[in-house]
Amino acid sequence: MVCLTTITCVVACSVSYKFNGASIDYNKTKTIQIADFPIRATYVWGPMASLFNNQLKDVFSNQTRLIQVRRDGDLKIEGEITQYQQRNKSVSADGYSAQTELSMTVNVRFTNTKNHDQDFERQFTATQTYSTTQSLNSVQEELVTQMCNDLCDQIFNATVANW
């Protein structure tokens, strides 16, 4: 009798965990449309747009069950890369720059056709720092990849994780 009660409790009280943080009602929301983000920044690095666009699509593909479509998605993400710049971050004792900060900003327009209260347009920024003893060319691919990962996580959290 105790065994039967225990089994009934375990079956009836199942708990579902979402480790990716997505809170999507898949009964209502089935598709997502992710447009390629063009570069609108004055300073650019050629591969930046394709790195960002591929990573953004991969995040939603890997962390949700949403089907990516070219048009008429239940969720729509579009925007542009608006800024890519570097600036001195710290100065050494001899008065020269010791670290440089690289930053990337994207403007995102999000539309939820099932719940327009969640629609927004806003900017997301990611930064990475490198030593001025290194050339930008030697660290740029790694830093841009890290910034793209950070930006995609921010966008994912803002759009489907409701954080």
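A brief look at the structure comes next.

Conventions we followed
Residues numbered from 1 in each chain as written. Predicted model: local features only at pLDDT ≥ 70, side-chain atom pairs only at ≥ 80, totals over all residues. Heavy atoms only, no water. Pairing = 2+ DSSP bridges. Helix = DSSP H or I, 4+ residues; strand = E, 2+ residues; numbered from the N terminus. Contact = heavy atoms within 4.5 Å. Axes fitted to C-alpha atoms, helices over the stretch in contact; angles between N-to-C directions. Phe/Tyr/Trp six-rings, centres within 6.5 Å; stacked < 30°, edge-to-face > 60°. Buried < 20%, exposed > 50% of the residue type's maximum accessible area, 1.4 Å probe, protein only. Expected span 1.5 Å × (residues − 1). Bend = angle between axes of the 7 residues up to and from the residue. Core = buried A, V, L, I, M, F, W, Y, C linked by side-chain atoms within 4.5 Å. 1 Å grid on protein atoms, 1.4 Å probe; cavity = no way out; pocket = protein on both sides within 12 Å on 5 of 7 lines; lining within 4 Å. Points joined across faces, edges and corners; volume = space filled by probe spheres on them. Polar contact = N/O pair within 3.5 Å; in protein donor to acceptor, adjacent residues only side chain to side chain.

Some thoughts on the sheet that holds strand S3 (residues 75-91)
So, step 1. Strand order in the open sheet made by the five strands is S2-S1-S3-S4-S5, with mixed pairing throughout. Where the open sheet ends on each side, the last strands, each with one partner, are strand S2 (67-68) and strand S5 (120-131).
So, step 2. Where strand S1 (residues 31-34) meets S2, two bridges bridge the pair, whose relative direction is parallel. In the sheet register, Ile32 faces S2, and the bridge partner there is Gln68.
So, step 3. Packed onto the sheet, helix H2 (residues 48-63) meets S1, S2, S3 and strand S4 (97-112) and runs at close to 125° relative to S3.
So, step 4. In this fold helix H3 (residues 136-159) packs onto S3, S4 and S5, with an angle of close to 150° to the strand it touches most, S5.

Side note on the environment of Glu141
So, step 1. You can see Glu141 is positioned in helix H3.
So, step 2. In sequence terms Glu141 and Met48 are 93 residues apart; their C-alpha atoms lie 8.4 Å from each other.

A short note on the packing of aromatic side chains
So, step 1. Counted according to the given criterion, the structure contains five aromatic pairs.
So, step 2. Geometrically, the ring pair formed by Phe110 and Phe120 is tilted, given 5.4 Å between the ring centres and 35° between the ring planes. Of this pair, Phe110 sits in strand S4 while Phe120 sits in strand S5, and the two are ten residues apart along the sequence.
So, step 3. Judged by relative accessible area, Phe110 falls into the buried class, the value being 2%.
So, step 4. In this structure Phe120 comes out as buried when scored by relative accessible area, which is 18%.

Here we look at H3
Residues separated by three or four positions in an α-helix point in the same direction, a consequence of the helix having 3.6 residues per turn.
So, step 1. For H3, with 24 residues, the first-to-last C-alpha span of 32 Å sits near the 34 Å given by 1.5 Å per residue.
So, step 2. Where H3 bends most, at Glu142, the angle is about 30°.

Quick look at the pairing of S3
So, step 1. Note: S1 against S3, three bridges, orientation parallel. Counterpart to Ile32 in the pairing with S3 is Leu75.
So, step 2. Here 15 bridges tie S3 to S4, and the two strands are oriented antiparallel to one another. Within S4, the position partnered with Glu80 by the bridge is Asn107.

Concerning the nonpolar core
So, step 1. Formed by 40 residues in total, the largest nonpolar core has its most connected members in Phe52, Leu56, Ile77, Tyr84, Met104 and Val106.
So, step 2. For this core, the secondary structure elements donating two or more residues are S1, H2, S3, S4, S5 and H3.
So, step 3. Broken down by element, the residue count for this core peaks at eleven residues, all from H3.
So, step 4. Discounting chain neighbours no more than four positions away, the residues touching Val106 are Phe37, Phe52, Glu80, Ile81, Thr82, Arg122, Gln123, Phe124, Leu151 and Ile155.

Details of the environment of Thr145
So, step 1. The residue Thr145 is located in helix H3 in this model.
So, step 2. Taking the C-alpha atoms as reference points, Thr145 and Leu51, separated by 94 residues in sequence, lie 6.9 Å from one another.

Remarks on the layout of surface pockets
So, step 1. By volume, the largest pocket amounts to about 210 Å³.
So, step 2. Along its surface, the largest pocket is lined by 14 residues, and Ser23, Asp25, Thr29, Asn112 and Gln118 are the ones closest to its centre.

With respect to the side chain of Thr105
So, step 1. By secondary structure assignment, the location of Thr105 is in strand S4.
So, step 2. Only 2.9 Å separates the side chain of Thr105 from the side chain of Thr125, close enough to count as a polar contact.
So, step 3. Non-local contacts of Thr105, meaning those with residues more than four positions away in its chain, are made with Glu80, Ile81, Thr82, Gln83, Gln123, Phe124 and Thr125.

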